[in-house]
Amino acid sequence: RDSSTSRGLGDVYKRQNLRYPEICREGAAMGRVNVVFIVNEDGSLSDIKVIRSISPELDKEAIRVVKSMPKWNPAKQNGKVVKMKYVVPVKFRPE
């Protein structure tokens, strides 16, 4: 099975579109938020949830970025397009 935005594009997309919430700068919250979702047969994403949290503000930003990603290439199993669960780490570091 393979499901991707064309390997590597996901990391570039996250870096270019991630905004570190201003409210988190004071306490300099940093780390990784893990977001899980389903890649549907048409490449759209659904059931987007945080499974590893840092703070509500960073969780919200991680979900926003994942929701805004372009369609993914759907997974295939035995030549048939199938849904697939995927976990994406979103890394936050203050600038």
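A brief structural summary.

Definitions and cut-offs
- Residues numbered from 1 in each chain as written.
- Predicted model: local features only at pLDDT ≥ 70, side-chain atom pairs only at ≥ 80, totals over all residues.
- Heavy atoms only, no water.
- Pairing = 2+ DSSP bridges.
- Helix = DSSP H or I, 4+ residues; strand = E, 2+ residues; numbered from the N terminus.
- Axes fitted to C-alpha atoms, helices over the stretch in contact; angles between N-to-C directions.
- Buried < 20%, exposed > 50% of the residue type's maximum accessible area, 1.4 Å probe, protein only.
- Core = buried A, V, L, I, M, F, W, Y, C linked by side-chain atoms within 4.5 Å.
- Contact = heavy atoms within 4.5 Å.

Overview of the sheet that holds strand β1 (residues 31–39)
In a beta sheet, neighbouring strands pair by backbone hydrogen bonds and run either parallel or antiparallel.
Next, step 1: Strand order in this open sheet of 3 strands is β2-β1-β5, and the pairing throughout is antiparallel. Two strands in the sheet have a free side with no partner beyond their single neighbour: β2 (45–52) and β5 (84–92). Within this sheet the neighbouring strands show an average axis-to-axis angle of 25°, counted without direction.
Next, step 2: Here β1 runs beside β2; their pairing, made up of 5 bridges, is antiparallel.

Examining the pairing of β1
Next, step 1: Of all the 9 residues making up β1, 7 are buried; the element is thus mostly covered by neighbouring parts of the structure.
Next, step 2: Sheet topology note: the β1/β5 ladder contains 9 bridges and is antiparallel. Looking across to β5, one finds that R32 is bridged to K91.
Next, step 3: Taken together, β1 and the strand that follows it, β2, pair antiparallel across an intervening segment of 5 residues, in which G43 is found at a positive phi of about 90°.

A short note on the nonpolar core
Next, step 1: By size, the foremost hydrophobic cluster in this structure holds 18 residues, and its most contacted members are V35, F37, L45, V66, W72, Y86 and V90.
Next, step 2: Breaking this core down by element, the ones donating at least two residues are β1, β2, α3 (56–67) and β5.
Next, step 3: For this core, the element with the most residues is β5, which contributes 5 residues.
Next, step 4: Each residue touching V35, except ones within four places of it in the same chain, is listed here: I48, K49, V50, A62, V66, Y86, V87, V88 and V90.

Notes on the environment of V88
Next, step 1: Its place among the elements puts V88 in strand β5.
Next, step 2: Counting along the chain gives 26 residues from V88 to A62, while the straight-line C-alpha distance between them is 9.6 Å.

So, to be careful, I would describe these as geometric facts and stop short of saying anything about function.
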